[in-house]
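Structure assessment
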Amino acid sequence: MKKPTSRVPFSGLDRRSLLGGSAAVGLGALLGSGLGGFASKPALAKKRTVHFGSSLPLTGPYEKVARIYKDAYEFWSETVGGKMIVGGQEMDVTWTVYDDENNAARTAQLTERLITTDKVDLIVGAYGTDTVLAQGAIARKHGRITIQAGAASQRVDEEIGGHTTFTLVGQARSYGKLAVQKLVAAEPKPKTLAIVTFNDPVYLEMSAGLKDFAAANGVDVVLEEVLPMKVQDLRPTVLKMKRLGDVDIVYNCGWDVICIKLVQEFLALDFTPKAFVGGHLTTNAVVKETLGKNLEYALGVTFWLPQMAHSDSHFASAEAFADAFEASKGYTPTYHAAMAYTVPYLYQQVLRDASGDDPFDPDSLRASLAGLNEVPTIWGPITFNEKGRLNFPGLPVLQWQGADPQLTVVHPESLATGQLAYPMPSYRNRA
Amino acid sequence: MLDVLLFGFLRGAVFAMAAFGFSLVLGVLGIVNLAHGVFIVLGAVLTYALYNEGLPLIIAALIAAMTTGLLGVLIQRLFIARVFDMHPLMVLVQTFGIAIVISEIANIVFGTSERLLRVDVPGLPIIELGNLFVPTYELIVFAIALASAGLLAALLRYTQFGKAVRACRDDLASATLVGINTPRIFTLTMGLCGLWAGLAGALILGLRPTAPHMHFMWTVDAFLIVIIGGLGSISGALIGGFIYGVLNFAAYYYWPSVAPAVIFGTLIAVLMLRPQGLFGLGQVVRK
């Protein structure tokens, strides 16, 4: 059984470990967190360890993405050499990350445990709307705060935003804003939009945002296909688009496999819209691996790319961050990695010069986070709105260009590395 | 409407192929094999893995199908045969457990992500039928599914093994009395089931995303097809597959957000109005 100790800078616990014995974990937590969270000024002077706590869906369908989050936390610890400055005093860093199995009830139970038994100093967000909300509810009960990078839903703002939770993900409603903005400026101007979305709050929010942006720009939404999350066959959806006959833009609110399947069905039915936006996971390696040259002209939106002009106090550029991450973890970081790395980084920023008897006091932390103004990070400049949500203008727009399709940023101008190729030539007429 | 019917039929053939084994096992062994979907998803992920290792797709599919066939034999010999004479619920629970264990192992070995292949027929990726476009691969899959139904029907009708299978299906006690080695027939039937389902999984890989965790969805689909088509009949399973294919495609075309409710609602209606299925050969209560 692994237990959090000050000698192990990063430890993961599974269900079996959790059931293994609360006494051992409690002892480990005590060792890991030094004297716990009741740090008066003299106590702070004796405190030697900052204890981070979180839960992630380390088993189940989100296992892969959860591993990236865990790797990113670990990478941050490596980057700071396992130490951080709190109120001018250097302390060791230790982590406890439980497996919540993507189960909200279990997340709540584990968060309770992190706070009451493990006595963590800082809570790092879970992954997924329901688990983030469950974690936030428990944190709120104890008057604690969290920084989360795992849920985009507006429900987070409504239920726990600002007072309990600070969110590093932009609002789902705005994901497609810049893509629509870019496409309506193209010639010939697209007049119609078909949205493929899913029966889940986040995807429906994305879709609602798209409809608003379309209406504001004089684009008719001719199809909003709301599909069950477990849909396997997208032939009926694409057949419907083909039968509609006049679909200029197809926007996929869904994930990478849906993007792949839509392009495959476009090819199968010889259907080519003027523009296809593959969604916010178009940059995932599996998309290009599967579609190859057929990915050319497809658009995507993304939170983050290594070529973006971001930096922090450890890395002069996002590219340098990406290189160091790859050297450490053996794979190119996705946006999840950059976002997750930024959570402890932000805690570090607000705690470095913290003053007062208890720098971990939730009220002080809340005020410090709320007061951040364009703080440079690898994830981009950080300012939170009154709901604790990251202010962001929308997701940059990418296009896959060339016979061996490569990513080109086409919007906004400040980040653009190339021009939008529009409209898409027919799949049938491509070489 | 015509295109919905056409694509529904094309999908239906491979659905039927995925369900043949389920129907056979239900008819002969009299058990609901909840591990059936495992054969299908394993057939798909094994084909994908072997294809990515550089094997030609056909070879990869055949190896995958033979592997799932062997797995069927092992499941029957090592597990089902030991509880076969106990309460039917034991087999149900056991096959459910086997499905969970195997799919979890597959998750670990192959990963949890969904896989799919783009399979184009060189030189003729699409065939135009009037104003309809049909991927040639799907017509080939359709032909393979029909041919496999014919082959299976011939196997059951004209071979000694087939006669023994039918005897077991019609009256197990009499089959035992006349000296048929029923344990051997059961084992071969499970092997055949695994082989056919694995091959179906390999073909499905070019049609829709597949991952180990989808095994139970495929078991349910196979169950639906057999319920619609009727127990113990290959032609019933084939027609059940076609009906299910059209129903599935139409549900996602006309009512996408509630498609699963439409599909299962139809199942409930079939169960109420014609519990033996449209082409069922046997009585409803078994084992």
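Rules used in this analysis
- Residues numbered from 1 in each chain as written.
- Chains lettered and ligands numbered in written order.
- Predicted model: local features only at pLDDT ≥ 70, side-chain atom pairs only at ≥ 80, totals over all residues.
- Helix = DSSP H or I, 4+ residues; strand = E, 2+ residues; numbered from the N terminus.
- Buried ≥ 20, exposed ≤ 12 C-beta atoms within 10 Å, placed from the backbone.
- Contact = placed C-beta atoms within 7 Å.
- Domains from an automatic or database assignment.
- Nonpolar A, V, L, I, M, F, W, Y, C, P; charged D, E, K, R; others polar.
- pLDDT = per-residue confidence, 0-100.
- Expected span 1.5 Å × (residues − 1).
- Axes fitted to C-alpha atoms, helices over the stretch in contact; angles between N-to-C directions.
- Left-handed = near helix turned anticlockwise from the far one by under 90°.

This paragraph deals with unusual backbone geometry. All names here are of chain A. Between H411 and P412 the backbone carries a cis peptide bond, its omega angle lying at 0°. Between Y422 and the following residue, P423, the backbone shows a cis peptide bond with an omega angle of -10°. With respect to the secondary-structure elements, P423 resides in the segment after β14 (406-411). Of note, N102 is a non-glycine position whose phi angle comes to about 60°, a positive value. Positionally, N102 belongs in the loop between β4 (89-99) and α5 (104-116). For N102, a count of 22 C-beta atoms within 10 Å corresponds to the buried category. Positive phi, normally seen in glycine, also occurs at Y297, with a value near 80°. Relative to the elements of secondary structure, Y297 occurs in the loop between α12 (285-291) and β12 (299-301).

With that out of the way, let us pick up the environment of V238 of chain A. Residue and element names in this part refer to chain A. As for its placement among the helices and strands, V238 is situated in helix α10 (residues 235-244). For V238, a count of 25 C-beta atoms within 10 Å corresponds to the buried category. Along the sequence, V238 and L269 sit 31 residues apart, while their C-alpha atoms lie 7.8 Å from each other. Leave out the neighbours within four places in its chain, and V238 touches L262, E265, F266, L269 and F271.

This part is about the environment of I115 of chain A. Residues and elements named next belong to chain A. By the secondary structure assignment, I115 is in helix α5. Note on I115: 19 C-beta atoms within 10 Å, which makes it partly exposed. The spatial distance from the C-alpha of I115 to the C-alpha of H142 is 8.0 Å, given a sequence separation of 27 residues. In this structure, I115 is in contact with V120, I138, H142 and R144, ignoring residues within four places of it in sequence.

What follows is about the domain arrangement of chain A. Residues and elements named next belong to chain A. Considered domain by domain, chain A is made up of domain 1 (11-170 + 308-370) and domain 2 (174-302 + 396-411). Contact with domain 1, which involves seven residues of that partner, is made by five residues of domain 2. Looking at side-chain class alone, the side of domain 1 that touches domain 2 contains two nonpolar, four polar and one charged residues.

Residue and element names in this part refer to chain A. With 89% of its residues at a pLDDT of at least 70, chain A reaches an overall mean of 87. Element-level pLDDT for chain A is lowest in helix α2 (residues 22-32), with a mean of 40, against a maximum mean of 98 in strand β10 (residues 249-252). A low-confidence stretch, residues 1-9 (pLDDT under 50), is modelled with 32 contacts involving residues beyond four sequence positions or located in other chains. Counting interchain partners and residues more than four positions distant, the pLDDT-below-50 stretch residues 11-41 has 65 contacts.

We now examine helix α4 (residues 88-110) of chain B. All names here are of chain B. The terminal C-alpha atoms of α4, which comprises 23 residues, lie 32 Å apart, in line with the 33 Å expected from a rise of 1.5 Å per residue. All of the buried residues along α4 are V91, Q94, T95, A99, S103 and A106. In this structure, the buried side of α4 is in contact with α2 (36-52), α3 (57-83) and α9 (215-229). Looking one or two residues past α4, G111 carries a phi angle of roughly 95°, positive in sign.

A separate point is the packing of α5 of chain A against helix α6 (residues 129-141) of chain A. Residue and element names in this part refer to chain A. As a packed pair, α5 and α6 sit with axes 8 Å apart at the nearest point and diverge in direction by 35°. With respect to the hand of their crossing, α5 and α6 are arranged in right-handed fashion. Of the residues in α6, those touching α5 at A104, T107, A108, T111, E112 and I115 are D130, T131, A134, Q135, A137, I138 and A139. Considering only residue class, the contact of α5 with α6 consists of seven nonpolar, four polar and two charged.

So, on to the interface of chain B and chain A. On the side of chain A, 24 residues touch chain B, which itself brings 20 residues to the contact. Sorting the residues of the side of chain B that touches chain A by element identifies α1 (2-28), β2 (132-135), α10 (234-254) and α11 (259-273) of chain B as the ones contributing at least two each. Looking at the side of chain B that touches chain A, the element that brings in the most residues is α10 of chain B, giving three residues.

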